[in-house]
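An overview of the molecular structure
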Amino acid sequence: MEHERCYIYTPPEAEERPSKRQRTSDFNPQSQLAERLSTYRKIWAQQEQRIQATLEEADSKTQEKIVNFVSASAPVENAPQTSIPTGLVVAGPSIASHGPFFARLGRSIRDETNSAYVVLTSAESPNLKTLLKNLIKRVTSRIEEDDDDDIRPTASSRHGPKVLDFDLSHVQEWQKKNRTRSIVVALQDSEAFDTRILIELVDLFHCWLDRLPFVLLVGIATSTESFEDRLSGKSIRYLDGQKFDVTQSDVIIEKLFSATVANTDVPVRIGPDLSRRLLDRQKDHVQNVHDFIDGLKYAYMSHFYASYPTVLLKEKVAFKDLSSEAFEAVRNLPSFKRWVEELLDNNQAHDVRKLLESDQYLYQQVTEHIESGQNALNTLSNAATLLTCIRESLQMAPSIRLSNIWTRAAAGELSGAPLLRETLLSVKKASSDKLAPLFASLKELDIDTSPLDQDIFQKELEKLVEDNVGSGPLRSQDDVRNDSLRTTVIAQKVLLSKHKAALSEQDKAYSSLVARFNDGLERYFASAFIDPRTLFLSEILMYDLKSPHTEVFQPKPRFAMERALASPHDYLGCDCCSGKQGGESILSTTQPATAILYQLYLESGTLINVSDLWSAFNAIAGDDEDESKTM
Amino acid sequence: MASVKRKRHHDDAEDATPRKLRTRAAQEEEENDDDEEGSEEPDVQTPSRRQAPAVNATPRSILKKGGLFNGGNGATPKSTRKLVFETPSKAAKDGTTIVRNADRSARRKSNRRFIERTLNGDSDEEALDEEEALAEQILSDQEEAADDQEGGQPEAAVPDTPSKRGRGRPKGSGTGKKSKLRKERSPTPPQHLPPHEEYFYQNRPGGAKTSNNTLSAQSLLNHDEYFSTMQTYAERHEPEMEFLLELHSRAHDQWIFELEEGFNICLYGYGSKRPITEAFTAHLYKQLIGQEPYKGTKKTPRIVVINGYAPGTTLKDILVTIASACMPSSIKLPNQPTALLNFILDYLFDHEPAHPIPIILNSIDSPYLRKSPAAMLLAALAAHPSINLVCTADTPTFPLLWDVGLKAQYKFLFHDATTFAPYDAEIDVVESVNELLGRSGRRIGGRDGVGFVLRSLPENARALFRILVTEQLALLYMDDAGGEVDAPATPKNKKVATAKTSASESNQGVEYRTLYHKAVEEFVCSSEVGFRTLLKEFHDHQMIESRKDAMGTERLFVPFRQEELEGLAEDLSGDAL
């Protein structure tokens, strides 16, 4: 039983062709897979583009700032630097995104300034010597020829004494040749560096500052204060720090969500359950942008891979491209059944018969419904964005994120929800100085707001504001400031009565405008916030399955193993081991030996006498003689 | 884990396990004893005892009555006769009340103790053990009494008809039912505890008592028995395991798709996953060879297979193999793993291969790949778009090996791939058992293995091995003799002797010099160089081991037990080889 450690695979000699062929002959579950996958690739490519754009936009500002800082801190002739220019990059707790961030930063620094850029991580810097070796290696991009360090004879032996491997004069030499403006050294995970190393590094850089133009970038996951606390006062005096805040991952996720899921121009979406799951996982566990993207991608992959009717999502799919199986699959969708029942309730039995019998007719209906379904979903996203925008510009508390509003809308929870009513109420109460910016921000949204006739409202509002002679802004009749409470005492009883203050002409006109706008909004929201799961073909337009997603991203290996051992029947499904006592499987001789041992182990206390264990095992497993055989 | 275990611990009242059965049986026996005592009691004592309860109708009396009915010998004519003799009032004043009161106070006491114990924790549980047993017995008596009072005989549980059950968890076997059951049974009050208290309650120490039984030395398996048993052992679940494999093989296309999309795959679950990776590799190979750069040409796709469980797997081996798969052999590779990795990654960036290079890594969580730089470098490798990593993980807690950063780099999709296949390559059973028993040395397949090697060696080598074995045996016999002088000639003396040999293990084996001289005497070899070459052959096959004793002299020995050595010596002298 010799097992080689590593090898290149070579197939065994024996040919197993016939058995293979047999399988392809019967029903192929993956027919038209290629079409589906190509559709997937097309749709995902669009999404990926959006993601890339969002990501680049997200930290482009910070990057620009840092690049400017680097180029500004390059030493000027005849003005010796007294301290090391240091950028404190507060990159937040999502350490997984630090690596990509510093890589992107390095690219832009190298491109835009004439500097050398080196990233050092704590893992490769256990001590100052190794750190310096790595630093020198990266800066001078010298490939190490030999393993035996320290005794490497260098070319500089002619000029003087041999220079050791970790001597910064290597860099000096290189700097003489290349004349870069600065050498940027980034410590990616400063928290993980040994404090001693950090201090020594700062001291050393300071010593060399008259010869080498160092710029230090420190990645900080916690706070600048805690970084400062770690250094001694002396080292801090050597540093000339400036703080940069990187966009935090939750903000980026929010942006990504609005770009990919709540976008108004997406043919396929993930459903509310899945997106809630993704967002919760982000919030509670990982805080990693790429994990979110991976999750989204996997959802798309599973959708197109496993669901046959997704072949219909292909753009301009022709009838002849589709097999009858595709239509059979559509007829088996739950939403198809719902739809058919609906039709039957409307006494459209003829249509139903046609749907069931004619593929051609079904094809027409499906293409229509896909389009209308996509439109409905787009409108829903549109409305969700609009609602978020209104809440934001009216500065309503609590501030609710688009992702939250969208998931609720997609789950069909928003029509008539308190959230919606509350928002509409505040629109009603808004004064003109609040409504104007609202209109402005609505205009900025690149979504379709045409159903609201918002331009007309805006013009009217502008006119009203112009005509307004009063000092204050225009108020609507629902504004609380137009109410006054009057107390009257009649027969020793206090009566409270609300009174509307008399409205001026302009206020009246404004009130009617607000009322019309509000009605428009209400109508729009009512029509937009449908429950998407009631749509015909909602299974195709929305992927909302939890099953492969959770297992694939949040595995429970321990649970799987314990389950396999505690109740092997769950996996093996054999006749002999099924538990008969209401699921609590009893120990039986037929179970795999390891499972028996494991269950015995579970039943015992903290200490186990091997002899007892063995005899118990022997009692169950029968004629087996020794526990060593169970492995 | 601890919690699961604890839960089980609580459950075991209703688990029908042999262990528990035994204890329960013991309890029942005690109870029976009790009953017997109870029924004997009246005979010994005055008849009034018997009568009084019937009149008083205390719970106790009902219990007794019930017990008698159950026993089938209740209401004997004897008892009625005795009723005539004594008056009930007198009986009440009799000793029964005292006994009952004593019982009651004991009950109260034990109740108090239970409460105390739950309040203070049960640190001195062991000290109180006996009393506790008594208290419990009394309590259970009371409980039974209450039971009987309420509903008389509890209905016998009707056993469910054994029905065939499908794969997966049966419905209604969730926690609800269990907890309900437990609630009925649990003797101590763990309810309504705040969560943190509950945690400590469930994880409290105690109950760490084991019996003093020991395994007898005679029942140990030796190699020959082990191998012969293993060969005759037939897996009962072979078809089911085949079926599991076939189930997993249906996912091959899906896995390939996932790899194409830039994810890496990690398989976990109980059982060796080598059969799966093997099948998947074959599938991938077939798929690749039917594709563009290979179709119609003689070129073959290169799939790197790494067995992480193989002892001594180093990162460098892995990287060199990968390098050989993706670049021409003429390129000189750097020596250091980190440099080599960077070199490979740069090369792949510059010369993008036609398809990502598949790497099949068995047991990514093996101890050899767990050391600190390995995971980091593997993650960097896996993060490269031109690398597809499919790995398996055997330990149940493997995700703890990687932090968020590494996980993001690995980009794993996890799949449950339970196979129930034996870990015969991943775990060396013989070796681990030997380690457990404090024996050293790797065996090459027991006596047969040695025989096989010897057959392929020249005559001289066989002669040398024979000398070594006989010398070693002679030494063992001498030890035995020494032991016999000390110990009286009991049947146990063999055990004593073996214990002694293991104690003087440092003196085990033949001195190098002695062996050399013997070998020269028997004309096995003429020079030390020749002697060494012969030994080297043995060393290579792990048939002998050398050790320095306390004096610093080198000793050689064959790492087998006495019986096996005897067998070997027989084989060697009897020309069986």
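Everything discussed here concerns the structure shown above.
Reference entry: report on the structure contained in this document. (Residues numbered from 1 in each chain as written. Chains lettered and ligands numbered in written order. Predicted model: local features only at pLDDT ≥ 70, side-chain atom pairs only at ≥ 80, totals over all residues. Heavy atoms only, no water.)

In terms of helices and strands, chain A carries 26 helices and ten strands. Of all 631 residues assigned to chain A, the portion counted as buried reaches 50%. Pairs at least 24 residues apart make up 73% of the contacts formed inside chain A by residues separated by at least 6 positions. Working note: accessible area of chain A is about 31,600 Å², and carbon and sulfur atoms make up 51% of it. (Helix = DSSP H or I, 4+ residues; strand = E, 2+ residues; numbered from the N terminus. Buried < 20%, exposed > 50% of the residue type's maximum accessible area, 1.4 Å probe, protein only. Contact = heavy atoms within 4.5 Å. Areas by Shrake-Rupley, 256 points an atom, 1.4 Å probe, with all protein chains shown as cover.)

With that out of the way, let us pick up the packing of aromatic side chains. Applying the stated criterion across every chain yields a total of 37 aromatic pairs over all chains. Measuring from centroid to centroid gives 5.8 Å for Tyr40 of chain A and Phe257 of chain B, while their planes differ by 75°, and the two rings are edge-to-face. Of this pair, Tyr40 of chain A sits in helix α2 (residues 33–72) while Phe257 of chain B sits in helix α13 (residues 252–260), placing the two residues on different chains. Comparing Tyr40 of chain A with Phe257 of chain B, the two get one shared label, buried. (Phe/Tyr/Trp six-rings, centres within 6.5 Å; stacked < 30°, edge-to-face > 60°.)

Three- or four-residue spacings in an α-helix give side chains the same orientation, since the helix completes a turn every 3.6 residues. Residues and elements named next belong to chain A. Among the residues of helix α5 (residues 169–178), those classed as buried are Ser169, His170, Val171, Trp174 and Gln175. As for α5, its buried residues are in contact with β3 (115–120), α4 (128–139), β4 (182–187) and α6 (195–208). Phi turns positive one or two residues past the end of α5, at Arg179, with a value near 55°.

Turning our attention to the environment of Asp273 of chain A. With respect to the helices, strands and loops of the structure, Asp273 of chain A is situated in helix α10 (residues 272–286). Once the C-alpha coordinates of Asp273 of chain A and Asp544 of chain A are considered, the two residues, 271 residues apart in sequence, prove to be 6.1 Å apart.

This paragraph deals with the packing of α2 of chain A against helix α11 (residues 289–306) of chain A. All names here are of chain A. Axis separation between α2 and α11 bottoms out at 9 Å; the angle between their running directions is 160°. Judged by the inter-axis angle, α2 sits roughly antiparallel to α11. In the packing of α2 onto α11, the handedness of the crossing is right-handed. Two secondary-structure elements touch here, α2 through Leu33, Arg36, Leu37, Thr39, Tyr40, Ile43, Trp44, Gln47, Ile51 and Leu55 and α11 through Val289, Ile293, Leu296, Lys297, Tyr300, Met301, Phe304, Tyr305 and Ala306. Class assignment for the residues of the contact of α2 with α11 results in 15 nonpolar, two polar and two charged. (Axes fitted to C-alpha atoms, helices over the stretch in contact; angles between N-to-C directions. Parallel < 35°, antiparallel > 145°, perpendicular 65-115°, else oblique. Left-handed = near helix turned anticlockwise from the far one by under 90°. Nonpolar A, V, L, I, M, F, W, Y, C, P; charged D, E, K, R; others polar.)

Looking now at the sheet that holds β4 of chain A. Residue and element names in this part refer to chain A. Read across the open sheet, the five strands follow the order β3-β4-β5-β2-β6; overall the sheet is parallel. Looking at strand neighbours, the two that pair on one side only are β3 and β6 (239–245), the edges of this open sheet. Ignoring strand direction, the axes of neighbouring strands in this sheet form an average angle of 20°. Bridge count between β3 and β4: six bridges; the pairing is parallel. Paired with Val118 across the bridge in β4 is Val185. Strands in contact with α2 are β2 (84–90), β3, β4, β5 (214–220) and β6; relative to β6, the strand with the most contacts, it is inclined by about 165°. (Pairing = 2+ DSSP bridges.)

A few words now on the pairing of strand β2 (residues 304–307) of chain B. On β2 of chain B, burial covers both faces: Val304 and Ile306 of chain B on one face and Val305 and Asn307 of chain B on the other are all buried. As paired elements, strand β1 (residues 6–8) of chain A and β2 of chain B share three bridges and run antiparallel to each other. Counted as the bridge partner of Tyr7 of chain A is Val305 of chain B from β2 of chain B. Where β2 of chain B and strand β3 (residues 357–362) of chain B come together, four bridges link them in parallel fashion. When the sheet's bridge partners are listed, Val304 of chain B is paired in β3 of chain B with Ile359 of chain B.

Let us look at the nonpolar core. Membership of the largest hydrophobic core comes to 103 residues, with the highest contact counts inside it found for Tyr300, Leu435 and Phe525 of chain A. A per-element tally of this core places helix α15 (residues 359–393) of chain A first, with 13 residues. The residues contacting Leu435 of chain A, other than those within four sequence positions of it, are Ala430, Leu461, Tyr510, Leu513, Val514 and Phe517 of chain A. Grouped together as the second largest cluster of nonpolar side chains are 57 residues, Ile318, Ala325, Ala375 and Trp402 of chain B included. (Core = buried A, V, L, I, M, F, W, Y, C linked by side-chain atoms within 4.5 Å.)

As a further point, take the packing of α15 of chain A against helix α16 (residues 402–410) of chain A. All names here are of chain A. Contact geometry for α15 and α16: axes closest at 9 Å, N-to-C directions at 140°. Between α15 and α16, the angle falls in the class oblique. In terms of crossing hand, the pair formed by α15 and α16 is right-handed. On the side of α15, the interface is formed by Leu380, Ser381, Ala384, Thr385, Leu387, Thr388 and Arg391, while α16 contributes Leu402, Ile405, Trp406, Ala409 and Ala410. Among the residues forming the contact of α15 with α16, the class breakdown is eight nonpolar, three polar and one charged.

Moving on: the sheet that holds strand β7 (residues 545–548) of chain B. Residues and elements named next belong to chain B. Taken in spatial order, the three strands of this open sheet run β6-β8-β7, and their pairing is antiparallel. Every interior strand has two partners, whereas the edge strands, β6 (510–511) and β7, have only one. Both β6 and strand β8 (residues 554–557) contribute to a ladder of two bridges, which runs antiparallel. The residue of β8 that forms the bridge with Glu511 is Arg555.

In this section: the environment of Leu362 of chain A. All names here are of chain A. By the element assignment, Leu362 lies in helix α15. The spacing of Leu362 and Asp351 is eleven residues in sequence and 9.8 Å in space, taken between C-alpha atoms. Setting aside residues no more than four positions away along its own chain, Leu362 makes contact with Phe327, Val330, Arg331, Phe336 and Leu355.

Quick look at empty space enclosed by the protein now. All names here are of chain A. Per the stated rule, a full pass over the model turns up five cavities of 30 Å³ or more. The computed volume of the largest cavity comes to approximately 170 Å³. As for the largest cavity, its lining consists of 15 residues, and the residues nearest its centre are Asp59, Ser97, Arg104, Thr247 and Ile252. Those elements that provide at least two residues to the lining of the largest cavity are α2, α3 (98–112), α9 (249–260) and α11. Broken down by element, the lining of the largest cavity gets its largest block of residues, three residues, from α3. When grouped by side-chain class, the residues that make up the lining of the largest cavity number six nonpolar, seven polar and two charged. (1 Å grid on protein atoms, 1.4 Å probe; cavity = no way out; pocket = protein on both sides within 12 Å on 5 of 7 lines; lining within 4 Å. Points joined across faces, edges and corners; volume = space filled by probe spheres on them.)

Here the focus is unusual backbone geometry. All names here are of chain A. Located in the positive-phi region is Arg179, a residue other than glycine, with phi close to 55°. Among the secondary structure elements, Arg179 is positioned in the loop between α5 and β4. Overall, Arg179 belongs to the exposed group, its relative accessible area being 59%. A positive phi is found at Asn347, a non-glycine position, where the angle reads about 60°. Tracing the sequence through the fold places Asn347 in the loop between α13 (334–345) and α14 (349–357).

This part takes up the pattern of salt bridges. One pass over the structure, following the stated rule, counts 33 salt bridges over all chains. In this structure, Arg281 of chain A engages Asp291 of chain A in a salt bridge whose closest nitrogen and oxygen atoms are separated by 3.0 Å. One end of the pair, Arg281 of chain A, is in helix α10; the other, Asp291 of chain A, is in helix α11, with ten residues separating them in the sequence. The buried category is assigned to Arg281 of chain A, whose relative accessible area is 12%. Taking the shortest distance from any N to any O, the salt bridge between Asp359 of chain A and Arg331 of chain A comes out at 2.9 Å. Taken together, the residues Asp359 of chain A in helix α15 and Arg331 of chain A in helix α12 (residues 324–331) connect sequence positions 28 residues apart. Taking relative accessible area as the criterion, Arg331 of chain A reaches 11% and is therefore assigned buried. Within this structure, Arg41 and Lys297 of chain A together with Glu260 and Glu261 of chain B form a network of salt bridges that share partners. (Salt bridge = Lys/Arg side-chain N within 4 Å of Asp/Glu carboxyl O.)

Bear in mind that shape data such as this cannot, by itself, settle questions of function.
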